[in-house]
Amino acid sequence: MNPTTLSSAADTVQVLGACPHDCPDTCSMLTTVKNGIAIKVQGNPAHPHTDGALCTKVSRYTERTYHPERILHPLKRVGPKGSGQFQPVSWDAALTDIAARLQAIAARDPQAILPYSYAGTMGLVQGESMAARFFHKLGASHLERTICAAAGGEGLVHTLGGKVGMQVQFFAEAGLILIWGSNSISSNLHFWRYANAAKRRGAKLICIDPRKTETADKCHEHIALLPGTDGALALGLMHELIQNDWLDHDYLARYTLGWEALRARALCWPPERAAEVCGISPNQIRALAHDYGACAAKPGTAMAHGAVASPAPAAIRMNYGLQRVHGGGNAVRLIASLPALIGAWRHRAGGVLLSNSGAFPVQRAALQRPDLLAGRTPRTVNMVTIGNDLLRQGSADFGPAVEAVIVYNSNPVAVAPESAKVVQGFARDNLFTVVLEHFQTDTADNADYVLPATTQLEHWDVHSAYGHTDALLNRPAIAPLGEAKPNTQIFRELAARMGFIEPCFQDSDEALCRQAYGDAVDFNALLADGFVTLKTPDAPFAPGNFPTPSGKCEFFSERLALQGLDGLPDHLPNHEAVNTSKTYPLAMISPPARNFLNSSFVNVKSLQAMEGAPLLEIHPLDAQARGIADGDVVNVFNARGSYQCRAHVSESARVGVVNGLGVWWRKLGLSGTNVNELTSQNLTDLGRGPTFYDCLVEVQRR
Ligand code: SF4
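For the structure given in this document, a descriptive report is provided here. (Residues numbered from 1 in each chain as written. Predicted model: local features only at pLDDT ≥ 70, side-chain atom pairs only at ≥ 80, totals over all residues. Heavy atoms only, no water.)

## Things to note about the overall build of the chain
Right, so step 1: Tallying secondary structure elements over the chain gives 24 helices and 27 strands in all.
Right, so step 2: In terms of C-alpha radius of gyration, the chain reaches 25 Å, essentially the compact-globule figure of 27 Å for 702 residues.
Right, so step 3: Considering only C-alpha atoms, the chain reaches an extent of 75 × 60 × 55 Å along its principal axes.
Right, so step 4: Sequence-distant contacts in the chain: of pairs separated by 6 or more residues, those separated by 24 or more amount to 76%.
Right, so step 5: Carbon and sulfur atoms provide 51% of the accessible area of the chain, an area that totals close to 24,000 Å².
Right, so step 6: Here the chain contributes 61 positive and 64 negative side-chain charges, whose respective centroids are spaced 1 Å apart. (Helix = DSSP H or I, 4+ residues; strand = E, 2+ residues; numbered from the N terminus. Rg over C-alpha atoms; globule rule 2.2 N^0.38 Å. Contact = heavy atoms within 4.5 Å. Areas by Shrake-Rupley, 256 points an atom, 1.4 Å probe, with all protein chains shown as cover. Lys, Arg positive; Asp, Glu negative; His and termini not counted. Charge placed at Lys NZ, Arg CZ, Asp CG, Glu CD.)

## Remarks on the pairing of strand 16 (residues 432-437)
Right, so step 1: Most of strand 16 sits out of view: six of its six residues are buried.
Right, so step 2: Of the two faces of strand 16, the one lined by F432, V434 and L436 and the one lined by T433, V435 and E437 are each fully buried.
Right, so step 3: Sheet topology note: the strand 15 (residues 404-408)/strand 16 ladder contains five bridges and is parallel. Considered in strand 16, the bridge of V405 is made with T433.
Right, so step 4: Across four bridges, the pairing between strand 16 and strand 17 (residues 449-452) is parallel. Among the inter-strand pairings, V434 is bridged to a residue of strand 17, identified as Y449. (Buried < 20%, exposed > 50% of the residue type's maximum accessible area, 1.4 Å probe, protein only. Pairing = 2+ DSSP bridges.)

## Things to note about helix 5 (residues 150-157)
Right, so step 1: Most of helix 5 is tucked away: six of the eight residues are buried.
Right, so step 2: All of the buried residues in helix 5 are A150, A151, G152, G153, G155 and L156.

## Concerning the sheet that holds strand 26 (residues 657-660)
Right, so step 1: On the basis of which strands lie adjacent, the closed barrel formed by six strands has the order 22-26-23-25-24-27 and mixed pairing. Taking the axes of each pair of neighbouring strands and ignoring which way they run, one obtains an average angle of 45 degrees across the sheet.
Right, so step 2: In the sheet, strand 24 (residues 633-638) pairs with strand 25 (residues 641-649) via six bridges, with the strands oriented antiparallel. Bridging across to strand 25, V634 finds its partner in C645. (Axes fitted to C-alpha atoms, helices over the stretch in contact; angles between N-to-C directions.)

## Here we look at the pattern of salt bridges
Right, so step 1: On inspection of all chains with the given rule, the structure shows 36 salt bridges.
Right, so step 2: Residue R348 is joined to E173 by a salt bridge in which the shortest nitrogen-to-oxygen separation is 2.6 Å. Taken together, the positions of R348 in the loop between helix 14 (328-342) and strand 13 (351-353) and E173 in the loop between helix 5 and strand 8 (176-180) put the pair 175 residues apart, joining distant regions of the chain.
Right, so step 3: Among the residues examined, R348 registers a relative accessible area of 30% and is labelled partly exposed.
Right, so step 4: With a shortest N-O distance of 3.2 Å, E493 and K485 are connected by a salt bridge. (Salt bridge = Lys/Arg side-chain N within 4 Å of Asp/Glu carboxyl O.)

## Topic: the pairing of strand 25
Right, so step 1: As paired elements, strand 23 (residues 615-618) and strand 25 share four bridges and run parallel to each other. Bridge pairing in strand 25 places L616 opposite A647.
Right, so step 2: The turn linking strand 24 back onto strand 25 is made up of two residues.

## A look at unusual backbone geometry
Right, so step 1: Across the junction of G662 and V663, the peptide omega takes the value -10 degrees, indicating a cis bond.
Right, so step 2: Positioned with a positive phi, R369 is a non-glycine residue whose angle comes to about 50 degrees.
Right, so step 3: Among the structural elements, R369 can be located in the loop between helix 15 (364-368) and strand 14 (380-382).
Right, so step 4: The backbone of N545 sits at a positive phi, close to 60 degrees, despite the residue not being glycine.
Right, so step 5: Relative to the helices and strands, N545 is located in the loop between strand 20 (531-533) and strand 21 (553-554).
Right, so step 6: The class for N545 is exposed, based on a relative accessible area of 57%.

## Topic: the nonpolar core
As a rule of thumb, soluble globular proteins bury nonpolar side chains together.
Right, so step 1: If you look at the biggest cluster of nonpolar residues, it comprises 85 residues, and the most contacted ones within it are W180, Y292, M318 and L338.
Right, so step 2: Top contributing element to this core by residue count: helix 14, with nine residues.
Right, so step 3: Those residues in contact with Y292 that lie beyond four places of it in its chain are L176, L178, L237, L241, A314, I316, L338, P339 and I342.
Right, so step 4: Core analysis: the next-biggest nonpolar cluster, separate from the first, contains 55 residues, L138, L372, A404 and V532 among them. (Core = buried A, V, L, I, M, F, W, Y, C linked by side-chain atoms within 4.5 Å.)

## Observations regarding a nonpolar patch on the surface
Right, so step 1: Together, I37, I39 and Y66 make up an exposed nonpolar region whose accessible area comes to about 260 Å².
Right, so step 2: By the secondary structure assignment, Y66 is in the loop between helix 2 (61-65) and strand 4 (75-77). (Patch = residues over 30% accessible without salt bridge, like charges linked within 9 Å, V, L, I, M, F, W, Y side chains within 5 Å.)

## Looking at the sheet that holds strand 18 (residues 461-463)
Right, so step 1: Read across the open sheet, the three strands follow the order 18-19-20; overall the sheet is antiparallel. A strand with exactly one partner marks an edge of an open sheet, and here the two such strands are strand 18 and strand 20. Taken pair by pair, the neighbouring strands of this sheet meet at an average axis angle of 10 degrees, ignoring direction.
Right, so step 2: Note: strand 19 (residues 470-474) against strand 20, three bridges, orientation antiparallel.

## Considering the packing of helix 9 (residues 230-243) against helix 13 (residues 282-293)
Right, so step 1: Contact pair helix 9 / helix 13: the axes reach a minimum separation of 9 Å and the direction vectors enclose 60 degrees. Crossing geometry of helix 9 relative to helix 13 is assigned as right-handed. Facing helix 9, whose interface residues are L233, G236, L237, E240 and L241, helix 13 presents I285, R286, L288, A289, Y292 and G293.
Right, so step 2: When the residues that make up the contact of helix 9 with helix 13 are grouped by side-chain class, the tally is seven nonpolar, two polar and two charged. (Left-handed = near helix turned anticlockwise from the far one by under 90°. Nonpolar A, V, L, I, M, F, W, Y, C, P; charged D, E, K, R; others polar.)

## Notes on the packing of aromatic side chains
The relation between two aromatic rings is expressed through the spacing of the ring centres and the mutual angle of the planes.
Right, so step 1: Following the criterion strictly, the structure yields 17 aromatic pairs and no others.
Right, so step 2: Taking the centre distance of 5.3 Å and the plane angle of 70 degrees together, the rings of Y408 and F491 count as edge-to-face. Taken as a pair, Y408 in strand 15 and F491 in helix 19 (residues 487-498) lie far apart in primary sequence, 83 residues in all. Of the two residues, Y408 and F491, neither departs from the other in class, the shared state being buried.
Right, so step 3: A connected cluster of aromatic rings, assembled from ring pairs, spans F134, F135, Y408, F491, F500 and F505.
Right, so step 4: Across from the ring centre of W269, 3.6 Å away, lies the NZ or CZ of R273, which sits over that ring.
Right, so step 5: Above the ring of F191, the side-chain terminus of R317 is found at 5.8 Å from the ring centroid. (Phe/Tyr/Trp six-rings, centres within 6.5 Å; stacked < 30°, edge-to-face > 60°. Lys NZ or Arg CZ within 6 Å of the ring centre and 35° of its normal.)

## Observations regarding helix 9
Right, so step 1: The terminal C-alpha atoms of helix 9 lie 20 Å apart, and with 14 residues this matches the ideal 20 Å at 1.5 Å per residue to within 8%.
Right, so step 2: Along helix 9, 13 of the 14 residues are buried, which leaves the element largely enclosed by surrounding structure. (Expected span 1.5 Å × (residues − 1).)

## Some words on the packing of helix 12 (residues 271-278) against helix 13
Right, so step 1: Taken N-terminus to C-terminus, the directions of helix 12 and helix 13 make an angle of 115 degrees; their axes are 8 Å apart at the nearest point. At the point where helix 12 passes helix 13, the crossing takes the right-handed sense. Residues P271, E272, A274 and A275 of helix 12 lie in contact with helix 13, whose contacting residues are P282, I285 and R286.
Right, so step 2: Looking at the contact of helix 12 with helix 13, its residues break down into five nonpolar, no polar and two charged.

## Describing the side chain of N674
Right, so step 1: Of note, N674 is situated in the loop between strand 26 and strand 27 (696-701).
Right, so step 2: Taking relative accessible area as the criterion, N674 reaches 1% and is therefore assigned buried.
Right, so step 3: Among the polar contacts listed, one links the side chain of N674 to the backbone oxygen of A414, at a separation of 3.0 Å.
Right, so step 4: Within the structure, the side chain of N674 is placed 2.9 Å from the backbone nitrogen of N676, a separation counted as a polar contact.
Right, so step 5: Those residues in contact with N674 that sit more than four places away from it in its chain are A414, S419, Y643, V663, W664 and R666. (Polar contact = N/O pair within 3.5 Å; in protein donor to acceptor, adjacent residues only side chain to side chain.)

Rendered as structure tokens:
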């Protein structure tokens with residue numbers, strides 16, 4: 001360990017790190033360590049985006065690290081599957097047995113082994129470096145890591161050319177900000193700081209979200225559309241921009257592809273049609289178009305290379321909630337098209353931001369070593385359909401039945417959709433399951449071995465971000481607790497027992513950190529400051545230069561057309577659209593509870609106490625119609641299952657939509673289930689992503 005000492009007291013050091021959680025902000029952290037114990041975690045005041053402040057959740061990171069229920073020794077199952085009965089074993093015994101079991105399966109077909117991981121840490125090293133090398137060498141099934149952002153990511157790629165967009169700090173200079181599908185105060189706090197600065201300078205903030213969140217409360221307007229209708233709203237908005245000629249014709253002519261076709265499609269969406277689909281009033285769409293159109297660059301003011309500023313830059317902050325529906329990819333394509341219509345990209349404070357992760361020069365091949373596949377092309381399993389796939393027999397189509405799952409940085413039993421099937425799959429007696437974890441989660445309960453992993457305070461890592469453009473380094477602040485090991489070390493030792501002799505399995509964590517960006521980011525600067533700001537243009541698309549095949553903003557995507565898909569974006573109704581079922585008349589979305597982040601932090605006592613119990617927000621009219629009072633225990637159900645939680649009767653929910661706040665661990669819920677008992681394994685239009693917010697239910701008082 002080589003901590004950066006920022007404090008003068010001999011027994012106290014401050015160590016620079018990075019928040020590992022799945023959040024756009026990727027904060028720079030400072031951990032104060034006294035006599036080897038981490039006593040405080042705080043935001044790094046020297047990092048401009050973090051500005052010295054962490055969110056409530058991660059401010060409690062020491063409580064999580066020193067949690068009395070932390071797993072500190074390898075555990076072997078001794079009771080029936082799922083019983084949670086384990087006994088400690090030595091690392092040597094655990095790894096030797098795991099390697100033997102995996103070798104026996106691999107001798108039949110290594111594709112019967114499935115890694116399952118996601119963003120439990122966003123770290124490039126403790127995420128997919130040594131683990132990816134291990135599974136590539138093994139020839140295991142490839143996991144499609146789709147569970148969060150796949151549809152939106154594809155939408156961006158096929159419109160702007162990549163996961164690229166505005167730089168977050170320039171939102172502070174915008175005149176109009178559309179916060180579209182984001183509860184920023186809860187899940188993008190440091191963006192909210194910039195939006196608030198713009199607000200203080202006179203900017204108008206409009207929140208577009210089915211739920212009346214704390215963010216919606218603090219905006220000037222809230223448009224509470226039905227879930228899965230964002231694409232229709234974007235088309236209605238385009239219709240009004242066209243009809244009123246609130247367009248930047250020069251930008252459209254120079255820097256876009258497919259405008260005439262998109263124009264024709266948008267003209268089929270007058271406000272009345274869009275409003276009916278969205279469950280809002282036509283005048284809300286007209287007013288939104290008026291505000292957005294007022295930001296269009298004026299005819300005749302365009303100059304070479306985008307030197308003209310639009311009258312008041314209009315900026316859109318999207319987040320990933322809106323793309324967790326059938327038409328999520330198309331909706332993101334439509335929203336990402338809007339800035340080009342009014343020439344918003346001409347100004348650094350105009351455009352759209354969903355993700356900037358594509359700006360990072362991550363050296364994935366060096367980290368993950370796909371060359372270890374040596375020409376093999378293992379089958380792919382989508383993490384969203386793990387419920388079905390664990391229950392599938394071997395077949396010519398599917399390949400071998402899954403015989404082993406190695407889970408790290410994820411808790412699929414709690415977070416994957418249609419959890420009754422996920423539970424049934426993980427409960428299979430003939431499935432060998434290894435879980436690398438900090439805690440005895442719902443997934444760990446079903447393991448054959450649970451291996452204790454280090455937290456962010458105990459290991460090295462390097463981070464990119466998706467809400468800003470700074471690369472960060474995380475140094476270990478304390479020694480690993482108990483017998484915990486970094487994921488990298490666990491896979492390193494497992495590789496040795498499997499007989500993998502390639503030198504890359506010997507790379508240290510610090511070496512992996514250096515490989516993550518190679519020469520593209522100054523590692524010495526990362527060591528010194530904890531972060532490095534990438535060199536990216538302030539207004540990247542002012543002069544066009546989109547990283548698409550045409551170099552233009554692609555309203556029409558030839559690449560999608562070649563796949564047999566519609567090359568133009570359109571509104572696609574939900575798989576389970578409102579007003580299509582008398583049995584299940586309510587649409588349910590499942591945004592995160594404010595003090596949780598996916599299923600992380602649910603067992604942190606102080607945060608759990610703030611949340612109280614699993615909640616379903618329901619509008620007073622929907623509650624009254626069902627005889628439900630605030631605080632009642634309710635049964636939420638559909639054909640896939642049922643879930644008990646407490647009703648919160650509140651206008652945070654719009655009529656016809658309920659908000660099942662997630663993601664509680666099943667065993668910490670009221671009846672051993674959580675909201676994913678109700679969600680489906682249906683996929684999105686683009687990217688084969690999940691459709692968590694495309695879910696019809698009914699609610700009854702218990
Ligand atoms: S969860 Fe987000 S806001 Fe909270 S500390 Fe981490 S990066 Fe910052």
